[in-house]
Amino acid sequence: MEKMNPEDDDMKWVHDSSVDHKGRVPLRASTGSWKAAFFIIAIEFSERLSYFGIATSLVLYLTKVMHQDLKTAARNVNYWTGVTTLMPLFGGFIADAYLGRYSTVFASSIAYLMGLVLLTLSWFLPSLKPCDHTMTCNEPRKIHEVVFFVAIYSISIGTGGHKPSLESFGADQFDEDHVEERKQKMSFFNWWNCALCSGLILGVTLIVYIQDNLNWGAADIIFTGVMAISLVVFVVGRPFYRYRIPCGSPLTPMLQVLVAAISKRKLPYPSSTDQLYEVAKSPGNKKKFLCHTKKLRFLDKAAIIENDGNLVEKQSPWKLVNVTTVEEMKLLINMIPIWIFTIPFGVSVAQTSTFFIKQSATMNRKIGKTFELPPASIFTVAALGMIISVAIYDKILVPMLRKINQNERGINILQRIGFGMLFTIITMIVAAIVEQKRLEAIKKESLMSVFWLVPQFLIIGFGDGFTLVGLQEYFYDQVPDSMRSLGIAFYLSVIGAANFISSMLITLVDHMTMKNGKSWIGKDLNSSRLDKFYWLLAGMTTVNLFLFVFFARRYSYKNVQKVAVVVDSYEGKSDYGRGENEV
């Protein structure tokens, strides 16, 4: 009888600390990988359909139904988008520390669904409707405004748990220690965003057409129905998922590093890294150990062993922390400049769902003699641009670059992000030129075709395929394993912070330019000078790119070691924690 090879038997099971739905070690053949990811992608498609169906038309709803002026509507859209993208910081923390990602997705989907139901009722329930004759009223009922904003901010709460948990839960389905699954995981974020864009395209075409030509309530019914169906699909996939068990607050160990380092600040730095404490690696311990790095050496003092190493294991974690935890703290600190210098990129992206959409509403949108393109449908071009750039990157550039530089990713993550920022600068330049032409046409009492906006949407879509996808991968990959949901939340918080800053920038520009006689941001687009505002953003983004490159070139990527000894790594060469820095 042929004996089973122990290595082959070991590959049948997934030994990355995940469990199946019954709490057992997962069987590789029946759990995880794409068979599980497809269920997760299905609910992402539904959520993005609803989100973009609401987000891309929100500025139009606020100006047409709520009768708000352009500045107020743009600020309200930015506030809502900001809250929606900052809430994941809270949701990601809950998922990593207490509920787990699957339970957080399920609970937040229920909250999301309740928000959609309330949004639908705000249109159809007689006592909550904007007014008796929606198309002719000049001011909506106060109760409608209250219920409407409660509904969309309920959706924000749902998104707060949904977005960080779902994307990290999808990435968890791939085992980084398995060669084939590791390569699949690198493609996961690319194809995740293709599904996201597919939901976006449907949201800004069919749904927006229904909003424009039927009514907003009919679109809300579709959102609610699709979300309910996708939630059922998500639950059906439960036996195929791999789950990570939450281990308490991931922020506590980071705080312990700071406390221990400060308390031992007067100790001399050890002559050898061998004197720093690290947990002994054992077959049952699946924790990934990180290489020691020479940056932020002050934090290393948290791992200095005192009292000749007596009873090391019994010392308080507030007095002695292992090297891997110290390195995880260094990772978070090193990510701060990257987070800061991606915000101006997010400010430029914020214009696509406010001023870009409002521009399309003022242009000639007729196709043929009868059909008129809904204003928000032009956003489809950005989604198509993103799908095209992701497909080219994943299927052409990465395989080619792997052969050239022997890097498993093709190019490192920060190079991908920086390359996408170039497209953002070009976008704002093109947008400024097009807006200047549009204003000249208005003076001649003629309307430019909405297709003049295609280049700026297409270019920013190309850039998003590099920068947005790169940011998702970066914040998921570079955070400690215990805070992967928070990592996705950090990515979303870039967009959230950018939306708040965009609102403040609009207010500041309005105030400063008003002093010179005429504001760049008027009551409507035709009395505004958005072209000058876009030139300002192009300049800010250009300066920011140089700062981003400066810090990116000095960034040290996470570097995982295979043996439980403290090893100095040669910093800054690998962005995956494997390869030439692996020990």
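Residues numbered from 1 in each chain as written. Predicted model: local features only at pLDDT ≥ 70, side-chain atom pairs only at ≥ 80, totals over all residues. Heavy atoms only, no water.

Undergrad: Please provide a residue-by-residue account of the overall build of the protein chain, values included.
TA: Of regular secondary structure, the protein chain possesses 16 helices and 4 strands. What you see for the protein chain is a C-alpha radius of gyration of 26 Å, in line with the 25 Å of a compact globule of 583 residues. Judged by the C-alpha coordinates and their principal axes, the protein chain covers about 80 × 60 × 45 Å. Residue pairs in contact within the protein chain that sit at least 24 positions apart in sequence constitute 80% of those at least 6 positions apart. When the accessible surface of the protein chain is split by element, carbon and sulfur atoms take 65% of a total near 24800 Å². Positive and negative side-chain charges of the protein chain, numbering 60 and 49 respectively, have mean locations separated by a distance of 4 Å. (Helix = DSSP H or I, 4+ residues; strand = E, 2+ residues; numbered from the N terminus. Rg over C-alpha atoms; globule rule 2.2 N^0.38 Å. Contact = heavy atoms within 4.5 Å. Areas by Shrake-Rupley, 256 points an atom, 1.4 Å probe, with all protein chains shown as cover. Lys, Arg positive; Asp, Glu negative; His and termini not counted. Charge placed at Lys NZ, Arg CZ, Asp CG, Glu CD.)

Undergrad: Hey, could you go over the packing of aromatic side chains for me, with residue numbers and the actual values?
TA: Scanning the entire structure with this criterion turns up 38 aromatic pairs. Considering the side-chain rings of F148 and F149, the 5.6 Å spacing of their centres and the 80 degrees angle between planes classify their relative orientation as edge-to-face. Counting every residue linked through ring pairs, the aromatic cluster contains F39, Y102, F169, F234, F240, Y241 and Y243. Directly above the ring of Y393 sits R416, whose terminal nitrogen or CZ lies 3.8 Å from the centroid. (Phe/Tyr/Trp six-rings, centres within 6.5 Å; stacked < 30°, edge-to-face > 60°. Lys NZ or Arg CZ within 6 Å of the ring centre and 35° of its normal.)

Undergrad: Could you give me a rundown of the environment of A432, with the residues and numbers involved?
TA: With respect to the helices and strands, A432 occurs in helix α13 (residues 413-443). What makes A432 buried here is its relative accessible area of 0%. Each C-alpha atom, one on A432 and one on L536, is 9.4 Å from the other, the two residues being 104 residues apart in sequence. Apart from the residues within four sequence positions on either side, A432 is in contact with D531, Y534 and W535. (Buried < 20%, exposed > 50% of the residue type's maximum accessible area, 1.4 Å probe, protein only.)

Undergrad: For the nonpolar core, give the residues involved together with the corresponding values.
TA: If you look at the biggest cluster of nonpolar residues, it comprises 145 residues, and the most contacted ones within it are F533 and Y534. With 16 residues, the single largest contributor to this core is helix α2 (residues 33-64). Once you skip the residues sitting within four places of it in the chain, F533 turns out to touch Q351, F355, L505, I506, V509, W520 and I521. In this structure, L401, I411, F423 and I459 belong to the second largest nonpolar core, which totals 7 residues. (Core = buried A, V, L, I, M, F, W, Y, C linked by side-chain atoms within 4.5 Å.)

Undergrad: Tell me about the pattern of salt bridges, residues and numbers included.
TA: Per the counting criterion, the structure on display carries 15 salt bridges. Between E181 and R28 there is a salt bridge, with its nearest N and O atoms 3.2 Å apart. One end of the pair, E181, is in helix α6 (residues 179-213); the other, R28, is in the loop between α1 (6-11) and α2, and 153 residues separate them in sequence. In this structure, K163 engages E44 in a salt bridge whose closest nitrogen and oxygen atoms are separated by 3.1 Å. Taken as a pair, K163 in helix α5 (residues 142-171) and E44 in helix α2 lie far apart in primary sequence, 119 residues in all. The exposure classification of K163 matches that of E44, with both residues buried. (Salt bridge = Lys/Arg side-chain N within 4 Å of Asp/Glu carboxyl O.)

Undergrad: Tell me what's going on with the side chain of S502, and back it up with residues and numbers.
TA: With respect to the helices, strands and loops of the structure, S502 is situated in helix α15 (residues 484-514). Residue S502 is classed as buried on the basis of its relative accessible area of 1%. Setting aside anything within four residues of it in sequence, one finds S502 in contact with N78, V347, A350 and Q351.

Undergrad: Which residues make up helix α7 (residues 216-236), and what values go with them?
TA: Taking 1.5 Å as the rise per residue, α7 with 21 residues should run 30 Å; its terminal C-alpha atoms sit 31 Å apart, in good agreement. Listing the buried residues of α7 in full gives W216, G217, A218, A219, D220, F223, T224, M227, S230, L231 and F234. For α7, the N-terminal capping position is held by N215, with its side-chain oxygen 3.0 Å away from the main-chain nitrogen of G217. (Expected span 1.5 Å × (residues − 1). Polar contact = N/O pair within 3.5 Å; in protein donor to acceptor, adjacent residues only side chain to side chain.)

Undergrad: Outline the environment of E47, supporting the account with residue identities and numerical values.
TA: Its place among the elements puts E47 in helix α2. On the basis of relative accessible area, E47 is assigned to the buried category, the value being 0%. Each C-alpha atom, one on E47 and one on H162, is 8.6 Å from the other, the two residues being 115 residues apart in sequence. Not counting the four nearest positions on each side in its chain, E47 is found in contact with Y112, T159, H162, K163 and M227. A distance of 3.2 Å separates polar atoms of two side chains, one belonging to E47 and the other to Y112.

Undergrad: Any details on the environment of G23? Residues and values, ideally.
TA: Tracing the backbone shows G23 in the loop between α1 and α2. For the pair formed by G23 and I245, sequence separation is 222 residues and the distance between their alpha carbons is 9.1 Å.

Undergrad: Which residues make up the packing of α6 against helix α14 (residues 454-478), and what values go with them?
TA: The contact between α6 and α14 brings their axes to 10 Å, and the two run at 135 degrees. Taken together, the axes of α6 and α14 are oblique relative to one another. In the packing of α6 onto α14, the handedness of the crossing is right-handed. Taking contact as the criterion, the partners of K185, M186, F189, N190, W192 and N193 in α6 are, on α14, V469, Q472, E473 and Y476. A breakdown of the residues in the contact of α6 with α14 according to their chemical character gives 5 nonpolar, 3 polar and 2 charged. (Axes fitted to C-alpha atoms, helices over the stretch in contact; angles between N-to-C directions. Parallel < 35°, antiparallel > 145°, perpendicular 65-115°, else oblique. Left-handed = near helix turned anticlockwise from the far one by under 90°. Nonpolar A, V, L, I, M, F, W, Y, C, P; charged D, E, K, R; others polar.)

Undergrad: How would you sum up helix α12 (residues 380-405)? Please name residues and give values.
TA: Taking 1.5 Å per residue, 26 residues should reach 38 Å; α12 reaches 35 Å between its end C-alpha atoms and fits that length. Approximately 40 degrees is the largest bend angle found in α12, and it occurs at L397, with the proline P399 only one to four residues beyond. Here α12 has its buried residues at T380, V381, A382, A383, G385, M386, S389, V390, Y393, D394, V398 and L401. Its buried side turned inward, α12 meets α6, α13 and α14. The first or second residue beyond α12 is Q406, which carries a positive phi of 60 degrees. (Bend = angle between axes of the 7 residues up to and from the residue.)

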